[in-house]
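Residue strings, one per chain:
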Amino acid sequence: MFYTSTRDKSIKVTASQAIAQGISEEGGLFVPCELPQFDAEKINSMVGMSYIDRAKTVLKEFLTDFSEDELNYCVEGAYSAEKFSSKAVAPTVKIDGNKNILELWHGPTCAFKDMALQLLPYLMTVSAKKTADGKTIVILVATSGDTGKAALEGFKDVDNTKILVFYPVDGVSPMQKLQMTTQEGNNVSVCAINGNFDDAQSAVKSIFTNDAIKKQLAEKNMMFSSANSINWGRLVPQIVYYFSTYCDMISLGNIKLGDKMNVVVPTGNFGNILAGFYAKQMGLPIKTLICASNSNNVLTDFLTTGTYDRNRDFYTTTSPSMDILISSNLERLLYHMSGEDDKLVADLMNKLSKEGKYTVSEELIKKIQSTFDAGFTSEKDVDETIKNHFEKYNYLCDTHTAVAVRVYDEYVKRTGDDIPTVIDSTASPYKFSKSVLTAVLDGKTPELDEFDMVDKLNEITGAEVPTPLASLKDKKVRFNNVCNKEDMSEMVFSLLEL
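This text gives an overview of the structure that appears in the document. (Residues numbered from 1 in each chain as written. Predicted model: local features only at pLDDT ≥ 70, side-chain atom pairs only at ≥ 80, totals over all residues. Heavy atoms only, no water.)

Of all hydrophobic cores here, the largest spans 110 residues; its most connected members are I239 and L334. A per-element tally of this core places helix α11 (residues 232-251) first, with 12 residues. In contact with L334, other than residues within four places in its own chain, are F302, V345, L348, M349, Y358, V360, L364 and I368. Counting residues in hydrophobic clusters, the runner-up holds 37 residues, among them V264, F390, C397 and L437. (Core = buried A, V, L, I, M, F, W, Y, C linked by side-chain atoms within 4.5 Å. Buried < 20%, exposed > 50% of the residue type's maximum accessible area, 1.4 Å probe, protein only. Helix = DSSP H or I, 4+ residues; strand = E, 2+ residues; numbered from the N terminus. Contact = heavy atoms within 4.5 Å.)

Next comes the structure, spelled out in structure tokens:
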């Protein structure tokens, strides 16, 4: 299988080239030239498999330049029992009726990013040996909270790599910040920026495509790559868990082979839900992909009107991983849905960069709407959903999952479409203990420090505290760097000691 760029489809690279490089030279994102097809017989063969074997079944179709031994090394290393607290890796939990939760947060950093970022370092290592042997790969990451820690944990002390993570100084939860600033490893660095996630992401993209900076790195035998979902190696592992949850839904007796299900995803950068789109295009029986947003509802507006406009107020919410106004992976969807029109995509992305907005044709948005629905919810409704869901089902949601639950409940009321549904749960509630505890206590925030709040939430709800979060209490802070968004390129060289 070969990969091309969303902005220049004359480009053709292998999977290992796409993963090692991260982003195409002209700024486009790598996408597969074709998608493998999974029929009912193939899906049925996966039902009795472990998560590791399901991952191998899906990934071998995309990583065709990886040997069987290389693929086994990557997948078995990523999803080992030592790293994931659930034997199922990503278990599907039946809540009530046709409502099910896909728990994607049983990895070492207690967020769904682990599902990809435990695998990516293995993919990167194998890819680099094939395409960039001898070079040190500098992983450059912008994070709204979860990607940063998951990438740091995945890449710590990996040979021939360095990882630099930038996060918005006031845009992550206290637990997320502590996870990053206490990170162990000799090849890791962390820096806050005075700005929001979009500022960090835009700066990272501009550094990636800056020829002068790339030349300076090359002189030191280094090259950039990405652990954000702009990297295909970050996105492809996420396709696996949609096939896995469908198999689990069959095993739970919620559906029969061939039945359709809906999928609801709390969405910021559009990567998680895009993985669901790829699974659907590959033959997985998904009816509708429901895109759930918080108050930063730029995606809801686009999916309902066809106009993408980031020229709007930015809100810092209790679901910070979704506080995003530039959803990078939407570019990939536009490429596929427009009939692989690279010129159109390049034009739209240029308009977004220069004017902050673009509008697609009525034909294109109608085609997108045939697969996607969308909704958003307020902070007040998120709190109400956490409280009500716990009281009704004894199930504790984090703030991001609560956004998806609320949008799904409103979707069912609006459409009557209540077929079996999987809602992505993207983080442990203890990553956002203050917000979740306040919601459970009906708006009353106790005067407690972060870890006392964790204990109080555990006392009230009985929900288990993940070991990786509990163990942060006594860890020493290593990183206190802060810079302005305009100074990120200088900070990169400083952190690399160049």
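The discussion continues.
Our focus in this paragraph is the environment of R332. Along the polypeptide, R332 turns up in helix α14 (residues 330-337). We classify R332 as buried; its relative accessible area is 0%. Counting along the chain gives 102 residues from R332 to I230, while the straight-line C-alpha distance between them is 9.3 Å. Setting aside residues no more than four positions away along its own chain, R332 makes contact with T6, L29, F30, V31, S229, I230, N231, W232, L235, L274 and Y278.

Even without a glycine there, the phi angle at N221 is positive, about 60 degrees. Residue position: N221 is located in the loop between α10 (211-219) and β9 (222-226). By relative accessible area, which is 38% here, N221 ends up partly exposed. One non-glycine residue, E340, lies in positive phi territory at about 60 degrees. Within the fold, E340 resides in the loop between α14 and α15 (342-355).

Turning next to the sheet that holds strand β2 (residues 8-13). As summarised here, the arrangement of the 3 strands in space is β2-β1-β3, forming an open sheet in which the pairing is antiparallel. Taken across any chain shown, the strands that pair with only one partner, and hence form the sheet edges, are β2 and β3 (30-32). Between one strand axis and the next, the sheet turns through 40 degrees on average, direction left out of account. Two strands pair when backbone bridges link them, and strand β1 (residues 3-5) and β2 are joined in this way by 2 bridges, in the antiparallel orientation. Note on β2: the bridge partner recorded for S5 is D8. (Pairing = 2+ DSSP bridges. Axes fitted to C-alpha atoms, helices over the stretch in contact; angles between N-to-C directions.)

Once that is clear, we can look at the pairing of strand β15 (residues 421-425). With respect to burial, β15 is a largely interior element, 5 of its 5 residues being buried. Covered by surrounding structure in β15 are T421, I423 and S425 together with V422 and D424, the residues of both alternating faces. One ladder, built from 5 bridges, connects strand β5 (residues 99-103) with β15; its direction is parallel. Its bridge partner being in β15, N100 is matched across the sheet by V422. Two elements, strand β10 (residues 261-266) and β15, share 3 bridges in a ladder whose sense is parallel. Directly across from V264, in β15, lies its bridge partner I423.

Moving on, we come to the sheet that holds strand β6 (residues 136-142). The 5 strands are arranged β9-β6-β7-β8-β16 in an open sheet whose pairing can be described as parallel. At either end of the open sheet lies a strand with only one pairing partner, and these are β9 and β16 (481-484). Within the sheet, the average angular offset between the axes of one strand and its neighbour, ignoring direction, is 30 degrees. In this sheet, β9 lies alongside β6 in parallel orientation, the contact comprising 5 bridges. Note on β9: the bridge partner recorded for L140 is S226.

That's the geometry; what it means functionally is another story.
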